[in-house]
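Examining the three-dimensional arrangement
The chain contents come next:
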Amino acid sequence: MNGFIGEFFGTLILILIGGGCSASVNLKRNYARGSSWWFVCASWGLAVTMGVYVAGSLGSLGHLNPAVTIPYAICGLFPWHQVLPYLAGQFLGAFVAAALVIIFYYPQFKATRTVKEGNSVGIFATRPAIRAPFFNLFSEVVATFAFVFILLNLGNFTTGMKPFIVGLLITVIGTGLGSTTGFALNPARDWGPRFAYTILPVPNKASAEWWYAWVPMVGPLVGGLLACFLEQAIK
């Protein structure tokens, strides 16, 4: 049960802060509207740091991400009996956090009437800068491979200053590898909020763009698996 609780609240903090940043940057009548890509990457990096700290304190390993949990389990680095509680915590935490972001920024959603003005599913989930399915998938595979491969070499990343290292890792992946797809790296981070956007009454809601959702699901899982396989092959 601790695994579920830690992953739920850790992912909730991650998406509440990260999704809040996306809403703040995109929606009208916000002081941070139009802020830079560096602002976005650093904010998401710190959101991950705080989520990992919360998750670790509440008894989980701070995965916050099916692309960590599932590859770790397949490669024998994480017990299978904990996979479902971890995944449930991750997806539910992301969904609840997205609902909170909708409530928090409700007046700004009402003031931002169109996708062109900034009111889109991109606040909650990832979208490609250029629609090119192979390259979009490749971007997510490579970015998640780098992310998980480095995590594997950090060991237990919930201890000491390591959550800050994870946050720096997210930031630099965002600046270096994230601008083509919005660097999902995490199926729960994408699908939980995308589903919330789909079913909840968001003012001036546009398409949830489920046509793209397979990329942030498949790409991170493949990238995470490749990282685990390589780690095991070279050690």
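Below is a summary of the structure that appears in this document. Just so it is clear, the model here is predicted, and its values are computed rather than measured. (Residues numbered from 1 in each chain as written. Predicted model: local features only at pLDDT ≥ 70, side-chain atom pairs only at ≥ 80, totals over all residues. Heavy atoms only, no water.)

**Brief notes about the side chain of N30**
Formally: Under the scheme used here, helices are H or I runs from DSSP no shorter than 4 residues and strands are E runs no shorter than 2 residues, and both carry numbers assigned from the N terminus. N or O atoms closer than or at 3.5 Å make up a polar contact, with two conditions inside protein: a donor-capable atom paired with an acceptor-capable one, and, for residues adjacent in sequence, both atoms drawn from side chains. The contact criterion used throughout is that any non-hydrogen atoms of two residues lie within 4.5 Å.
Examined against the element boundaries, N30 turns out to sit in the loop between helix 1 (2-26) and helix 2 (37-57). There is a polar contact of 3.3 Å between the side chain of N30 and the backbone oxygen of A23. A polar contact is formed between the side chain of N30 and the backbone oxygen of L27, at a distance of 3.4 Å. Filtering out sequence-adjacent residues up to four positions away, N30 remains in contact with A23, S24, Y105 and Q108.

**Observations concerning the packing of helix 3 (residues 66-74) against helix 4 (residues 83-104)**
Keep this limit in mind: Only the stretch in contact is used when fitting a helix axis, every axis being a line fitted to C-alpha atoms; angles between N-to-C directions are given from 0 to 180 degrees. Under this scheme an angle from 65 to 115 degrees is roughly perpendicular, one under 35 degrees roughly parallel, and one over 145 degrees roughly antiparallel; angles in between are oblique. Gly is placed with the polar residues, together with every amino acid not listed as nonpolar (Ala, Val, Leu, Ile, Met, Phe, Trp, Tyr, Cys and Pro) or charged (Asp, Glu, Lys and Arg).
Here helix 3 crosses helix 4 at 170°, and the two axes come no closer than 10 Å. Considering the angle they form, helix 3 stands roughly antiparallel to helix 4. Across the interface between the two elements, P66, T69, I70 and A73 of helix 3 pack against V83, Y86, L87, Q90 and F91 of helix 4. Considering only residue class, the contact of helix 3 with helix 4 consists of seven nonpolar, two polar and no charged.

**Side note on the side chain of E231**
The residue E231 is located in helix 9 (residues 214-234) in this model. Excluding residues within four positions of it along the chain, E231 makes contact with F149, L152 and N153.

**Digging into the state of the cysteines**
Test applied: Count a disulfide wherever a pair of cysteine sulfur atoms falls within 2.5 Å. The buried label goes to any residue with under 20% of its type's maximum accessible area, the exposed label to any with over 50%, and the partly exposed label to all in between, with areas taken from a 1.4 Å probe on protein chains only.
One pass over the structure, following the stated rule, counts zero disulfides. In this structure C41 is not part of a disulfide, and its nearest cysteine sulfur, from C21, lies 9.0 Å away. On the accessibility criterion, C41 (0% relative accessible area) is buried. C228 supplies the cysteine sulfur nearest to C75, a cysteine that is in no disulfide, at a spacing of 4.4 Å.

**A closer look at the packing of aromatic side chains**
The cut-off we apply is this: Stacked, edge-to-face and tilted labels apply to pairs of Phe, Tyr and Trp rings (six-membered ring for Trp) whose centres lie within 6.5 Å, assigned for plane angles under 30 degrees, over 60, and everything in between, in that order. Here, a charge over a ring means that NZ of Lys or CZ of Arg falls within 6 Å of the ring centre while also lying within 35 degrees of the ring normal.
The final tally for this structure, using the stated rule, is 14 aromatic pairs. Pairing F134 with F138 gives two aromatic rings, centres 6.2 Å apart and planes at 15°, and the pair type is stacked. With F134 and F138 both in helix 6 (residues 133-152) and four residues apart, the pair spans about one turn of that helix. With centroids separated by 5.8 Å and ring planes inclined at 70°, the aromatic side chains of W211 and Y212 adopt a geometry described as edge-to-face. Within the aromatic cluster, the residues linked to one another by ring pairs are F4, F8 and F9. The side chain of R131 reaches across the aromatic face of W211, ending 3.8 Å from its centre. The ring of W210 carries R194 above its face, with NZ or CZ at 5.8 Å from the centroid.

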